[in-house]
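Listed below are the residues making up each chain.
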Amino acid sequence: MESNGVRIDSLRAREVLDARGFPTIEVDVTTSGGALGRAQAPSGLSRAAAEAFELRDARSERHNGHGVQSAVRNVTRHVAPLLEKQDASNQAAIDAALMELDGTTKKSDLGGNTLLAVSIAVAKAVAAARGVPLYRALPGSDSPSLPLPMFNLISGGTHADNNLDFQEFMILPLAAPTFSDAVRVGAEVYQSLKSILKESGTSTAVGDTGGFAPNLRANVHALELLVAAIERAGLTPGRDVGLALDAAATTLYHHANRGYEFTYSPRRTYSSAELVASYEDWVRQFPIVSIEDGLAEDDWDGWQLLSERLGSRVQLVGDDLFATRASTLRRGVERGVANAVLIKLNQVGTLTEALETMHVARSNGYATIVSGRAGETEDDFIADLAVATRAPQIKAGAPCRGERVTKYNRLLRIEEELGRSAEYAGRAGFSVGR
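Below: a short report on this structure. (Residues numbered from 1 in each chain as written. Predicted model: local features only at pLDDT ≥ 70, side-chain atom pairs only at ≥ 80, totals over all residues. Heavy atoms only, no water.)

## Quick look at the sheet that holds strand β8 (residues 259-261)
Right, on to step 1. As summarised here, the arrangement of the three strands in space is β7-β8-β9, forming an open sheet in which the pairing is antiparallel. Of all the strands in the sheet, the pair left with one neighbour each is β7 (253-254) and β9 (269-270).
Right, on to step 2. In this sheet, β9 lies alongside β8 in antiparallel orientation, the contact comprising two bridges. Note on β9: the bridge partner recorded for glutamate 261 is threonine 269. (Pairing = 2+ DSSP bridges. Helix = DSSP H or I, 4+ residues; strand = E, 2+ residues; numbered from the N terminus.)

Written out as structure tokens, the structure reads:
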């Protein structure tokens, strides 16, 4: 890499806290002109097997083994000497150098969290040096567009200490004409749901991504509550607001009996075919428009069955299935599996790799949904990324908790900044089943 363009002057790293109170790494990249790019690495809770390795100190006497001082040292000792004086404006070259320095497929030497914080900080530094909004500086930003938000309203699974098997029960404000209207709808339905839970004497405590985490009589009760909340907000389920599920089915799959184990369901064990049949039944009963990780990450036959049965009517999102990896998404395309991919930057470890996966998705007609993680931070980078890449949807959690609303608030500011030229994906960004 030649030393021209936006030159990197220095890198610094530190240990900070994420929204769950766990440490994470924060990286500052300063250019020769004094511009600063600062980024924090998010952390997942339910993780795909193919995800980039998250480097933790594993010293039980400090942060219960969750510290990231080793990641901080990696920036100081290894990454800084490599990148200082280099051209930050060539993101692909920067990320290639980071990957070569690590030298492993899963970033298991330096840590995917280490590399991601550096990668994003570099992108932010370039935007600051050029004096342009981040979404204008990122690749693919010639024609920005605001995404349709997916709001998590009820949490379960690994994201909450309650009795729901599925991880997230969400809404999509399909009929909202603008992004700001979509945020308003999401917030109004959220508050309606809170009122319903309070009236029934049910807890309104929230899970990791801001959704309410009540104990309910069954998983299907969560869908019934969402429908009731939509109606109380004066909206029509299905027409104005659609429902979405994140089953996180990998966490439910037991290889020993080759089945899905449920705690709160009419049946305790489901085969892949039986679980697909249950989804079909739910889609008939409720205005479900999207199902994420409906089957486990290695249940490819089950995914094919699900895609055959519901792929023409429902958005089927691969999260653990694809782990934001272009090579795995190509396999899914070849097998006709799913029709959308969740983009989680820390699953691959660099911005360039995530952009490649998004390119593969677009080239093959798959929707891209830019997503946060359970262990989020106040970093709002994914908002600009969604706008820059024209991602049709964003999934940042509930309209609640600072680390969640910072993404939505950033998008509201972008909408205002773009003014009349602001494009909004809305229902048009949700092509399946329309």
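## Observations regarding helix α6 (residues 219-232)
Turn by turn, an α-helix covers 3.6 residues, leaving residues three or four places apart pointing in a common direction.
Right, on to step 1. Across its 14 residues, α6 extends 21 Å between first and last C-alpha, which sits within 8% of the 20 Å expected from 1.5 Å per residue.
Right, on to step 2. Along α6, the residues classified as buried are Asn219, His221, Ala222, Leu223, Leu225, Leu226, Val227, Ala229 and Ile230.
Right, on to step 3. In this structure, the buried residues of α6 make contact with β4 (148-155), β5 (168-172), α5 (179-199), β6 (242-246), α7 (272-285) and β10 (288-292).
Right, on to step 4. Among the residues trailing α6, glycine 234 stands out with phi positive, at a value near 80°. (Expected span 1.5 Å × (residues − 1). Buried < 20%, exposed > 50% of the residue type's maximum accessible area, 1.4 Å probe, protein only. Contact = heavy atoms within 4.5 Å.)

## Observations concerning α5
Right, on to step 1. In this model α5 runs 30 Å from its N-terminal to its C-terminal C-alpha over 21 residues, within 8% of the 30 Å that 1.5 Å per residue would give.
Right, on to step 2. Every buried residue belonging to α5 is among Phe179, Ala182, Val183, Val185, Gly186, Val189, Tyr190, Ser192, Leu193, Ile196 and Leu197, and all of these are buried.
Right, on to step 3. Packed against the buried residues of α5 are β4, β5, α6 and α13 (402-418).
Right, on to step 4. One or two steps after α5, the chain reaches glycine 201, where phi turns positive at roughly 75°.

## Examining the packing of helix α2 (residues 91-102) against helix α3 (residues 112-130)
Right, on to step 1. Contact geometry for α2 and α3: axes closest at 10 Å, N-to-C directions at 165°. One way to sum up the angle between α2 and α3 is to call them roughly antiparallel. The crossing of α2 and α3 is right-handed. Residues Gln91, Ile94, Asp95, Leu98 and Asp102 of α2 form the contact with α3, whose own contacting residues are Leu115, Val118, Ser119, Val122 and Ala123.
Right, on to step 2. Partitioned by chemical class, the residues of the contact of α2 with α3 number six nonpolar, two polar and two charged. (Axes fitted to C-alpha atoms, helices over the stretch in contact; angles between N-to-C directions. Parallel < 35°, antiparallel > 145°, perpendicular 65-115°, else oblique. Left-handed = near helix turned anticlockwise from the far one by under 90°. Nonpolar A, V, L, I, M, F, W, Y, C, P; charged D, E, K, R; others polar.)

## Remarks on the pairing of strand β14 (residues 393-397)
Right, on to step 1. In terms of burial, β14 is a largely internal element, five of the five residues being buried.
Right, on to step 2. In this sheet, β14 lies alongside β4 in parallel orientation, the contact comprising four bridges. Across the sheet, the residue bridging to phenylalanine 151 is glycine 397, located in β14.
Right, on to step 3. One ladder, built from three bridges, connects strand β13 (residues 367-371) with β14; its direction is parallel. From the neighbouring strand, serine 371 faces β14, where its bridge partner is lysine 395.
Right, on to step 4. In this fold, the crossover linking β13 to β14 by way of helix α12 (residues 381-388) has right-handed handedness. (Right-handed = clockwise from strand over helix to strand, strands pointing away.)

## Considerations on the pattern of salt bridges
Right, on to step 1. If you walk through the whole model with that rule in mind, you get 30 salt bridges.
Right, on to step 2. One salt bridge connects aspartate 240 with arginine 239, and the closest N-O pair in it is separated by 3.1 Å.
Right, on to step 3. For aspartate 240, a relative accessible area of 13% puts it in the buried group.
Right, on to step 4. According to the relative accessible area criterion, arginine 239 is exposed, its value standing at 53%.
Right, on to step 5. Residues arginine 335 and aspartate 301 are paired through a salt bridge, measuring 3.1 Å at the closest nitrogen-oxygen approach. Taken together, the residues arginine 335 in helix α9 (residues 326-335) and aspartate 301 in helix α8 (residues 300-310) connect sequence positions 34 residues apart. (Salt bridge = Lys/Arg side-chain N within 4 Å of Asp/Glu carboxyl O.)

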